[in-house]
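Below, each chain spelled out in residue letters.
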Amino acid sequence: MTTDENSRSNVSLKERATRIRRYALRMGEVQGQGYIAQALGLADVLAVIYFHAARMRPEDPEWEGRDRVYLSMGHYAIALYAALIEAGILPENELETYGSDDSRMPMSGMAAYTPGMEITGGSLGHGLGIAVGGAMGLKRKKSDSWIINMLSDGELDEGSTWEAAMAATHHKLDNLIAVVDNNNQQADGASQEMLGTEPIHEKFAAFGWHVQRVDGNDIDAVVAAFNGAKAGEIAKPHVIICDTKMACGVPFLEAREKNHFLRVEPQEWAEAIKIIDEGRIS
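Everything in this summary refers to the structure shown in the same document. (Residues numbered from 1 in each chain as written. Predicted model: local features only at pLDDT ≥ 70, side-chain atom pairs only at ≥ 80, totals over all residues. Heavy atoms only, no water.)

**Considerations on the overall build of the protein**
Secondary structure summary: the protein contains 10 helices and seven strands in total. In terms of overall dimensions, the protein is globule-like: its C-alpha atoms have a radius of gyration of 18 Å, near the 19 Å expected for 282 residues. Overall size of the protein, expressed as C-alpha extent along the three principal axes, is 50 × 45 × 40 Å. Here the protein holds 282 residues, and the buried ones make up 54% of them. The long-range fraction of contacts in the protein, counting pairs at least 24 apart against all pairs at least 6 apart in sequence, stands at 76%. Side chains of the protein carry 27 positive and 41 negative charges; the gap between the two charge centres is 5 Å. (Helix = DSSP H or I, 4+ residues; strand = E, 2+ residues; numbered from the N terminus. Rg over C-alpha atoms; globule rule 2.2 N^0.38 Å. Buried < 20%, exposed > 50% of the residue type's maximum accessible area, 1.4 Å probe, protein only. Contact = heavy atoms within 4.5 Å. Lys, Arg positive; Asp, Glu negative; His and termini not counted. Charge placed at Lys NZ, Arg CZ, Asp CG, Glu CD.)

Below you can see the structure in the form of structure tokens.
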């Protein structure tokens, strides 16, 4: 971002992640339900992407020199909106419109509606293919911009994801970073029980990618991974596998056996926000 270096410090990133979690909870409260656990789990990664790794201008979301941040899993839109609000790309005063008619923040991400939403997320498994095309286009324009494509571990069940992974290697797309949110949760249960994809890192390596695997809720580790990918020393597409905890930061939501889609009682929203605020102080 075109901000001063102080805003990129790890202390600042922790606060950014806290604010992203808080915004997501406030949006969830508007509808009383949603993909809140994913937003809380991915908040640390989003803070690093938007306030450390990605080059962008909040006042000009379509600036040609920006790094493109793609959200393949459209149902994570609430997480991205929270990051876009924190980045100043979306105004906070639109938060209360989340999921309502004519809102710029529909429940599933749509590029035509939302500034900063680069692609429309729909059926899972399409995002990495779109990212490959975007990275090829940037190469042809001789641009030094990057594509950062976020996808879920559930998308690793899709054959199209692995076709795109092969294409990325074939075309030597070293300007592409795939970020896998590996939270081991799908609509029907644990991802590894639905279709085992482990060892994920070995699979990507076999496809010719530069692989890093980190604790996605450890900001320092995520920063180091992006620094390693963007150093420009490895002529391969990059993947950062982020092992994240669903609903991270709110213990009573973390403890729910199935939290892919959460319905939260009215009084629980205030409790969750209080826990996030208390964590900021500790």
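**Digging into the environment of Ser 143**
Tracing the sequence through the fold places Ser 143 in the loop between α4 (127–140) and β3 (147–152). On the basis of relative accessibility, which here comes to 24%, the residue Ser 143 falls in the partly exposed class. Along the chain, Ser 143 and Asn 175 lie 32 residues apart, while their C-alpha atoms are 9.5 Å from each other.

**Describing the pattern of salt bridges**
A complete count under the given rule lists 16 salt bridges for this structure. The shortest N-O distance in the salt bridge between Arg 68 and Glu 64 comes to 3.4 Å. With a relative accessible area of 8%, Arg 68 lands in the buried category. In this structure, the salt-bridge partner of Glu 64 is Lys 141, at a minimum N-O distance of 2.7 Å. Separated by 77 residues along the polypeptide, Glu 64 in the loop between α2 (36–53) and β2 (68–71) and Lys 141 in the loop between α4 and β3 bring together distant segments of the chain. Note on Glu 64: relative accessible area 44%, which makes it partly exposed. (Salt bridge = Lys/Arg side-chain N within 4 Å of Asp/Glu carboxyl O.)

**With respect to the packing of α4 against helix α5 (residues 159–170)**
Where α4 meets α5, the axes come as close as 8 Å, and the angle between the chain directions of the two elements is 20°. Between α4 and α5, the crossing angle belongs to the class labelled roughly parallel. Note on packing geometry: the crossing formed by α4 with α5 is left-handed. Here Leu 128, Gly 129 and Val 132 of α4 come into contact with α5, specifically with Thr 161, Ala 164, Ala 165, Ala 167 and Ala 168. By residue class, the composition of the contact of α4 with α5 is six nonpolar, two polar and no charged. (Axes fitted to C-alpha atoms, helices over the stretch in contact; angles between N-to-C directions. Parallel < 35°, antiparallel > 145°, perpendicular 65-115°, else oblique. Left-handed = near helix turned anticlockwise from the far one by under 90°. Nonpolar A, V, L, I, M, F, W, Y, C, P; charged D, E, K, R; others polar.)

**Thoughts on the layout of surface pockets**
Its boundaries defined by the atoms lining it, the second largest pocket holds a volume of some 210 Å³. Taken together, 17 residues form the lining of the second largest pocket, with Pro 61, Arg 66, Gly 116, Met 117 and Glu 118 sitting closest to its centre. By residue class, the composition of the lining of the second largest pocket is nine nonpolar, two polar and six charged. (1 Å grid on protein atoms, 1.4 Å probe; cavity = no way out; pocket = protein on both sides within 12 Å on 5 of 7 lines; lining within 4 Å. Points joined across faces, edges and corners; volume = space filled by probe spheres on them.)

**Let's talk about the packing of aromatic side chains**
Under the defined criterion, the tally for this structure stands at four aromatic pairs. Taking the centre distance of 4.8 Å and the plane angle of 45° together, the rings of Trp 162 and Phe 204 count as tilted. Of this pair, Trp 162 sits in helix α5 while Phe 204 sits in helix α7 (residues 200–206), placing them 42 residues apart in sequence. One exposure class covers both Trp 162 and Phe 204, and it is buried. Ring geometry for Trp 162 and Phe 207: centres 5.0 Å apart, planes at 45°, overall tilted. Residue Trp 162 is located in helix α5, and its partner Phe 207 is located in the loop between α7 and β5 (210–215); the two are separated by 45 residues in the primary sequence. Ring-pair connections join several aromatic residues into one group, and the members of that group are Trp 162, Phe 204, Phe 207 and Trp 209. Note that Arg 16 overlies the ring of Phe 51, its terminal NZ or CZ placed 4.1 Å from the centroid. (Phe/Tyr/Trp six-rings, centres within 6.5 Å; stacked < 30°, edge-to-face > 60°. Lys NZ or Arg CZ within 6 Å of the ring centre and 35° of its normal.)

**Remarks on helix α8 (residues 219–230)**
End to end, α8 covers 16 Å across 12 residues, agreeing with the expected 16 Å (1.5 Å per residue, within 8%). Among the residues of α8, Ile 219, Val 222, Val 223, Ala 225, Phe 226 and Ala 229 are the ones counted as buried. The buried side chains of α8 occupy one side of the element, clustering within an arc of 160° when seen end-on. For α8, the capping residue at the N-terminal end is Asp 218, with a side-chain oxygen 3.2 Å from the backbone nitrogen of Asp 220. Looking one or two residues past α8, Gly 232 carries a phi angle of roughly 75°, positive in sign. (Expected span 1.5 Å × (residues − 1). Arc of directions from axis to C-beta. Polar contact = N/O pair within 3.5 Å; in protein donor to acceptor, adjacent residues only side chain to side chain.)

**Quick notes on the pairing of β5**
Along a regular strand, successive side chains alternate from one face of the sheet to the other. Of the two faces of β5, only one is covered, namely that formed by His 210, Gln 212 and Val 214; the face formed by Val 211, Arg 213 and Asp 215 stays uncovered. Taken together, the six bridges between β5 and strand β6 (residues 238–243) define a ladder with parallel strand orientation. If you follow Arg 213 over to β6, its bridge partner there is Ile 241. Traced from β5 through α8 to β6, the parallel crossover comes out right-handed. (Pairing = 2+ DSSP bridges. Right-handed = clockwise from strand over helix to strand, strands pointing away.)

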